[in-house]
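# Architecture at a glance
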Amino acid sequence: MDNSTKRITPNKQSLDDAYNPPANFLEINLTDARTQGEGRQRFTDYKLSMKTNLPIFKLKESNVRRRYSDFKWLRDELERSVHIHLPSLPGKAFARQIPFLKSDDGIFEVEFIEERRRGLEEFINVVCGHPLVQSEQSLHVFLYEPVLDKQNYVPGRVH
């Protein structure tokens, strides 16, 4: 039998290999939606939890609270600095922002908040999975800083 057509037999995976953490991982979860404020100052934010072992990230775990406008800021910053196709954010739901048009609580309805949470979680996981985005200063500020200082933010890359 010719060796060029010989089947490759895969190595058996040990139990240790099967249950060890993956070589490289980045997990980001959005949980604990909280609606805060009154009247026109009312908003919903989410707890963003990040765990990773990727060397580009200085902290291996972080927990911050982020609202929709923070995700919009991140997407806008990445759009300016990284020339890749970025996924869309979940829609703004303008009709829901006018509660008197409907009998519900608009953008503060539990179902809408959960739908938006899923969309934002999907967005941040897709974006963070791209190697060019992982070295952007805006992403690191977004993931680590308890308060986003958007006015004094200086764009750059992390090395």
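Here's a quick rundown of the structure. This is a predicted model, so every value here is computed, not measured.

Rules used in this analysis
- Within any chain, residue numbers begin from 1 and follow the written order of that chain's sequence.
- Totals for whole chains, interfaces and linings use every residue, but because this is a predicted model, local features are given only for residues with pLDDT of at least 70 and side-chain atom pairs only at 80 or more, for both listing and counting.
- As a rule here, side-chain values come from all non-hydrogen atoms in the structure, and water together with hydrogens is ignored.
- Elements are defined by DSSP. Helices are runs of H or I of four residues or more, strands are runs of E of two residues or more, and each kind is numbered from the N terminus.
- Each residue gets one of three labels from its accessible area relative to the maximum for its type: buried under 20%, exposed over 50%, partly exposed in between, using a 1.4 Å probe on protein chains only.
- Note on definitions: a residue-residue contact is assigned when non-hydrogen atoms from the two residues lie within 4.5 Å.
- Using a 1.4 Å probe, the Shrake-Rupley method yields the accessible areas, and only the shown protein chains count as cover for residues.
- In the sections that follow, a salt bridge refers to a side-chain nitrogen of Lys or Arg positioned within 4 Å of a carboxyl oxygen of Asp or Glu.
- For this analysis, a nonpolar core means a set of buried residues of the types Ala, Val, Leu, Ile, Met, Phe, Trp, Tyr and Cys, connected via side-chain atoms within 4.5 Å.
- Ring pairs shown here join Phe, Tyr and Trp side chains whose ring centres sit within 6.5 Å, with only the six-membered ring taken for Trp; geometry is labelled stacked below 30 degrees between planes, edge-to-face above 60, and tilted in between.
- For a Lys NZ or an Arg CZ to count as sitting over a ring, it must be within 6 Å of the ring centre and within 35 degrees of the ring normal.
- The axes are straight lines fitted to the C-alpha atoms, using for helices just the contacting stretch, and the angles between their N-to-C directions are given from 0 to 180°.
- Throughout, the term roughly parallel applies to angles under 35 degrees, roughly antiparallel to angles over 145, roughly perpendicular to angles from 65 to 115, and oblique to all others.
- Left-handed describes a crossing whose near helix is turned anticlockwise from the far helix through less than a right angle; right-handed describes the clockwise counterpart.
- Under the scheme applied, nonpolar residues are Ala, Val, Leu, Ile, Met, Phe, Trp, Tyr, Cys and Pro; charged residues are Asp, Glu, Lys and Arg; polar residues are all the others, including Gly.
- Two strands pair if DSSP finds at least two bridges between them.
- By the criterion applied in these results, polar contacts are pairs of N or O atoms within 3.5 Å in which, for protein atoms, one can donate a hydrogen and the other can accept it, and in which residues neighboring in sequence qualify only through two side-chain atoms.

Turning to the overall build of the chain, a few remarks are in order. Tallying secondary structure elements over the chain gives 5 helices and 3 strands in all. Along the chain, helices (α) and strands (β) appear in the sequence α-β-β-β-α-α-α-α when read from the amino end. Out of the 159 residues belonging to the chain, those deemed buried represent 33%. Long-range contacts, defined here as pairs at least 24 residues apart, represent 54% of the contacts in the chain between residues at least 6 apart. A total accessible area of about 10,900 Å² is found for the chain, and carbon and sulfur atoms account for 51% of it.

What follows covers the pattern of salt bridges. Taken as a whole and judged by the stated rule, the model has 11 salt bridges. Salt-bridge contacts for Lys-150 lead to Asp-70; the nearest nitrogen and oxygen are separated by 2.9 Å. One end of the pair, Lys-150, is in the segment after helix H5 (137-144); the other, Asp-70, is in helix H2 (residues 68-81), with 80 residues separating them in the sequence. Salt-bridge contacts for Glu-136 lead to Arg-157; the nearest nitrogen and oxygen are separated by 2.5 Å.

For the rest of this paragraph, the subject is the nonpolar core. Counting 30 residues, the largest nonpolar core has Leu-48, Phe-71, Ile-124, Leu-139, Phe-142 and Leu-143 as the members making the most contacts within it. Going through the elements one at a time, strand E1 (26-36), strand E2 (43-52), H2, helix H3 (110-128) and H5 are the ones with two or more residues in this core.

On to unusual backbone geometry. Despite not being glycine, Asp-32 shows a phi value in the positive range, around 50°. Tracing the backbone through its elements, the reader meets Asp-32 in strand E1.

Under the defined criterion, the tally for this structure stands at 2 aromatic pairs. Ring centres of Phe-71 and Phe-142 lie 5.0 Å apart, and the angle between their planes is 70°; this geometry places the pair in the edge-to-face category. Here Phe-142 lies in helix H5 and Phe-71 lies in helix H2, a separation of 71 residues in the sequence. Like Phe-142, Phe-71 is buried. For the ring pair Trp-73 and Tyr-153, a centre distance of 5.1 Å and an interplane angle of 85° mean the geometry is edge-to-face. Taken as a pair, Trp-73 in helix H2 and Tyr-153 in the segment after H5 lie far apart in primary sequence, 80 residues in all. One residue, Arg-66, lies across the ring of Phe-142, its end atom 5.4 Å from the ring centre.

With that settled, consider the packing of H2 against H5. Direction vectors running N to C along H2 and H5 enclose 165°, while the axes themselves pass 9 Å from each other. One finds that H2 runs roughly antiparallel with respect to H5. The chirality of how H2 crosses H5 is left-handed. Contacts between H2 and H5 involve Asp-70, Phe-71, Trp-73, Leu-74, Glu-77 and Leu-78 from the first element and Ser-138, Leu-139, Val-141 and Phe-142 from the second. Of the residues that constitute the contact of H2 with H5, the class distribution is 7 nonpolar, 1 polar and 2 charged.

Further remarks concern the pairing of E1. Examined bridge by bridge, E1 and E2 share 9 bridges and lie antiparallel to one another. Bridged to Ile-28 within E2 is Met-50. What sits between E1 and E2 in their antiparallel hairpin is a turn of 6 residues, with Gly-37 showing a positive phi close to 85°.

Looking at where Ser-135 falls in the secondary structure, it is placed in the loop between helix H4 (131-134) and H5. Among the polar contacts listed, one links the side chain of Ser-135 to the backbone oxygen of Leu-132, at a separation of 3.2 Å. Those residues within four positions of Ser-135 in sequence are excluded, and the remaining contacts are Ile-56, His-140, Gly-156, Arg-157 and Val-158.

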